[in-house]
Structures are given as structure tokens and as C-alpha cells.
Amino acid sequence: MSGKSLTDAHHLLTINSGSSSIKFALFEHAAVLRKLATGQIDRIGLPDARFRARSSDGVVAADHTVEAVNHVQAVELVVNWLDRQGGLTSLGAVGHRVVHGGERFLESVAIDDDVLHELERLIPLAPNHLPGEVAAIAALRARCPGLPQFGCFDTAFHRTLPSEARQLPIPRRYAAAGVRRYGFHGLSYQFLMQELHRVAGERTAQGRVILAHLGAGCSLAAVREGSCIDTTMGFTPAAGLVMATRTGDLDPGFIVHLLRTERLSADELDNLINKQSGLLGVSETSSDIRDLLAREESDPRAAEAIALFCYQLRKHLGAFTAALGGLDTLVFSAGIGENSPAIRARVCSGLRFLGIELDQALNDQDAPIISSPGSPVTVRVIRTDEESLIAAEVLRLL
Ligand code: ADP
């Protein structure tokens, strides 16, 4: 590493590169880790790319259009902004969210030439996300050589999946080539498990837990004795639950049917499965569940999209309760899970036989515990924070 230590370099940067965006957060490390600012560049590659940053108390520090034709330029903009804020010289390390760690990266790592090379090799496993992430890492290495960088993997949380949850029922030669269930949202899940331990104690965190990360992407993780035993996303993040624009589980025969009847290319199929389906595909109007809730009385398509979303979720909750041999704790998190009492109530309705009973008033307040006092299963709302998890991982590795 560079010889810098956190005694003279007390800022940490986290970077979360999406296919067309880069989100970042700046942390200060003194006695505790404190988030100072967050920001993002959206619409990378488009003429109206936008740079936004705000301090942790909500004061807007930047909000303007920028020229960012690719991730390399976007990283430059973030670094230049940090430099102008005086945060670059005191930057001790950078942590990257990396969506896929393949079979090799089972925990966070320091990024060197070998790791970067391996990430490039993994690009076919996550072609929508990894290219931007690899480009951002490489750009930062070129701009700030010697600055330690770390990769934190969304797949790592799921390294404990038993073989029956990991294997796909296809010829073995594909498994040998790395085709298996990987699972995603792992940084969020790791954060939620740490929070569950902090607020509810060791015994609860070691119990039978289902974590529901419900954002634009949605998945569940079943966790027993602190280890993940199953998750709804699979070889790709398109599997499992109905999502904002992704199908979730889909009859594989339908893909064959499409290939035969519409002769779609791989990119068209990718677009259909990941961008045009889910809530958006069924409602034909919006991928945002708030819009659909506002419109469900007047638009049957919106009502059907919500019903499908909640039904599939309820069904998977039942399946994971079976996988766990019962349930002690259910955690709702991310955009929908943290903020939508209506969806939480619908997902949990009729699940009394599993021991899930919500308290309407607590649920309406997004309270930390939303189950009724007598509910055998404790249902919690926990705000996820992937950036803080990455920053903590970086500190641990430093
Ligand atoms: P991402 O997966 O992109 O990180 P988020 O976790 O921010 O997304 O979740 C985004 C989704 O959360 C939105 O599409 C929206 O449907 C939902 N959401 C956010 N706020 C609310 C709210 N107050 N009520 C209902 N849904 C909400």
C-alpha cells in the first residue's frame, strides 16, 4: 500500500457505480465513522448528465449538469470536486461496491493489478454493472496512484449458500463454468444483520431471519445462525421477486418461445427482462410503486401490478420460512420496505398462520418494530446503508 495511514489521512470515499450512474459518499474517521457528504452523477453518457452533492445535514453542495461521457470522466469529476472541497489530500482510502465477485472473491479485498484483472474477467457475469465499476476503479488508480482501493462484493454475503440452494438444475458442465446461484444485495444484507445484532442482540441475530430488500431491485435472504442459506436472486439479479422493471422468476420456456416467435437478440431479450418488465411492464405506466398506489383505484393495470408484486413476495416469504424451518424475525428494508406501510401490510396480510401479525399503528409510523406485541414473529423496519458498510469494511481492512 501507499504508506499513507489513517492518522494523516482521515477521509474515506465510497463509490457505487451503476450502469449509468456513480454514487459516492465521503466519510471522516475520527473516534467513529461519520458520513460527511453524499453525491451522485446520473445519466452518464447522455447530454444532460447531472452532478449532485449534499452534506450529511442536507445542505446542497452541488447541483448542475456536467459533461460525463463515460465512467472515467465521471470519476474525474468526483475527484475534482473532492479536491475543491479540500478533501483529496486527506483521503486515506476508497471502497468500491462491486456487484459480482464470482467464485473467487468471498470477502472484501484490497485491489491490486491481479484483482483488477480478475474483475475484468468476471465482466460477462454482470455485463450491465461490472464494466462501469471496473472503469471507475481503473480511472481512480490512474488519477490517484498509491491511494489504497478496496472492493466490497454484493455476492459475498451469499458464500454460505448450501449446495441445494446454490445449484441450478442444468447440465453439470455449466456449473463447472461458474453458472450457479450467486445472490446479490449482499452489502445491504450484511449491514442489516449488523444492525439487527446491534438493536436486538446476539440471540435474535442468530435466529431464523428473513431480510427483505425492496427497492428498485428486490430480493429476500434467508439467514440462520448468521449465515445466508437461500436468496431469491440467482445467477443474475433478474431472478426471484417481481421488481420495478425486472421480471423476477420467469418460465424458462417463455424465453424459448420468444426466441422462436420474435427472434429477439441477446440485447433485446436483456432489455425486455431487465428494463421493460416488472411493475412497469404490468402497469404500462410506472416502475415506481408510489405512482401505482396513487392510481390503483382508477387504473386496473396499476392495481394488478401491485397485487402481483405483493403476491409473489408473500409466496417467497412462505417458501423461505419453510427453508428456515420456521421464522423468528422478518426485516423490511430499502425504498419500498422502509417507506411503504401499505405494501408491508399487504405482503403480511394472511400470514398469521406463519406467526406474522402487524400492528397497524406501528406499521403506519414506519416504527422500528411493526409487529403486534403478541406476534410470534418480530417484524422490523431497518434503514439500510450500503455506504456505511463499505466504509466500515475499508477501515477493517486498513
Ligand atoms: P435502489 O434499488 O435503486 O437503491 P431504492 O432502495 O431507493 O432503490 O428504492 C427505490 C424505490 O423505493 C422506488 O422505486 C419507490 O418505488 C420506492 N419508494 C421510495 N420511497 C417510497 C415511499 N415513500 N413509499 C413507497 N415507495 C417508496
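Above this text is the structure in question.
This report concerns the structure included in the present document. (Residues numbered from 1 in each chain as written. Predicted model: local features only at pLDDT ≥ 70, side-chain atom pairs only at ≥ 80, totals over all residues. Heavy atoms only, no water.)

1. Describing the overall build of the protein chain
- Of the regular secondary structure elements, the protein chain holds 16 helices and 13 strands.
- For 398 residues, the compact-globule formula gives about 21 Å, and the C-alpha radius of gyration of the protein chain, at 21 Å, lands near that figure.
- Projected onto its principal axes, the C-alpha positions of the protein chain cover 60 × 55 × 45 Å.
- Across the 398 residues that make up the protein chain, the buried fraction comes to 51%.
- Considering only intrachain contacts with a sequence separation of at least 6, the fraction spanning at least 24 residues in the protein chain is 60%.
- About 18,200 Å² of surface is accessible on the protein chain, with carbon and sulfur atoms providing 51% of the total. (Helix = DSSP H or I, 4+ residues; strand = E, 2+ residues; numbered from the N terminus. Rg over C-alpha atoms; globule rule 2.2 N^0.38 Å. Buried < 20%, exposed > 50% of the residue type's maximum accessible area, 1.4 Å probe, protein only. Contact = heavy atoms within 4.5 Å. Areas by Shrake-Rupley, 256 points an atom, 1.4 Å probe, with all protein chains shown as cover.)

2. Focus: the site of the ligand
- In the neighbourhood of the ligand, the contacting residues comprise G215, A216, G217, D288, I289, R290, A334, G335, I336, N339 and S340.
- Here A216 contributes a backbone N or O atom positioned 3.0 Å from an oxygen atom of the ligand.
- The contact in question runs from an oxygen atom of the ligand to an N or O atom on the backbone of I336, over 3.4 Å.
- With the chains in place, 66% of the 580 Å² that the ligand exposes on its own is no longer accessible.
- Those elements that place two or more of their residues in the shell around the ligand are α11 (289-295) and α13 (334-339).
- No other element matches α13, which puts four residues into the shell around the ligand. (Near = heavy atom within 4 Å. Polar contact = N/O pair within 3.5 Å; in protein donor to acceptor, adjacent residues only side chain to side chain.)

3. Comments concerning the sheet that holds strand β10 (residues 218-224)
- Sheet architecture is open: five strands sit in the order β11-β10-β9-β12-β13, paired in mixed fashion. Because the sheet does not close on itself, it has two edges, and the strands there are β11 (227-231) and β13 (378-381). Averaged over all neighbouring strand pairs, the angle between strand axes comes to 25 degrees, with direction disregarded.
- Summarising the sheet, strand β9 (residues 208-214) and strand β12 (residues 329-333) pair through five bridges and their orientation is parallel. Looking at the pairing, H213 lines up with S333 of β12. (Pairing = 2+ DSSP bridges. Axes fitted to C-alpha atoms, helices over the stretch in contact; angles between N-to-C directions.)

4. Quick notes on the pairing of strand β5 (residues 60-65)
- When strand β4 (residues 50-55) meets β5, the two strands line up antiparallel, connected through five bridges. The residue bridging A53 from the neighbouring strand is A62, located in β5.
- The hairpin turn running from β4 into β5, its antiparallel successor, is four residues long, and G58 in that turn takes a positive phi close to 95 degrees.

5. Structural notes on helix α6 (residues 186-200)
- For α6, with 15 residues, the first-to-last C-alpha span of 20 Å sits near the 21 Å given by 1.5 Å per residue.
- Every buried residue of α6 is accounted for by G186, L187, S188, Y189, F191, L192, M193, E195 and L196.
- Looking one or two places after α6, you find G201, whose phi comes out positive at around 95 degrees. (Expected span 1.5 Å × (residues − 1).)

6. Section: the pattern of salt bridges
- In total, this model carries 24 salt bridges according to the counting rule given.
- Across the pair D63 and R50 runs a salt bridge whose closest N-O atoms are separated by 2.8 Å. Here R50 lies in strand β4 and D63 lies in strand β5, a separation of 13 residues in the sequence.
- Here D63 falls in the partly exposed class, since its relative accessible area comes to 39%.
- Look at the salt bridges and you will find they share partners, linking R104, D114, E118 and R121 into a network. (Salt bridge = Lys/Arg side-chain N within 4 Å of Asp/Glu carboxyl O.)

7. A few points about the side chain of E133
- Of note, E133 is situated in helix α3 (residues 130-143).
- Here E133 sits buried without a salt bridge, and the closest side chain of opposite charge, R97, lies 6.0 Å off (N-O distance).
- The residues touching E133, leaving out its near neighbours within four places in the chain, are S17, R97, V98 and V99. (Lys, Arg positive; Asp, Glu negative; His and termini not counted.)

8. A word on the sheet that holds strand β8 (residues 149-153)
- Strands sit in the order β5-β4-β3-β2-β1-β6-β8-β7 across an open sheet of eight strands; the sheet is mixed. Both edges of this open sheet fall to β5 and β7 (109-110), since each of them pairs with a single strand only.
- Of the strand pairs in this sheet, β7 and β8 are connected by two bridges, and their pairing is antiparallel. Across the sheet, residue A110 finds its bridge partner in β8, namely F150.
- Where helix α1 (residues 71-84) meets the sheet, it contacts β1 (11-17), β2 (22-29), β3 (33-42), β4, β5 and β6 (91-98), and its direction lies at approximately 30 degrees from that of β2.
- This element, α3, spans β1, β2, β6 and β8 of the sheet and lies at about 165 degrees to β6.

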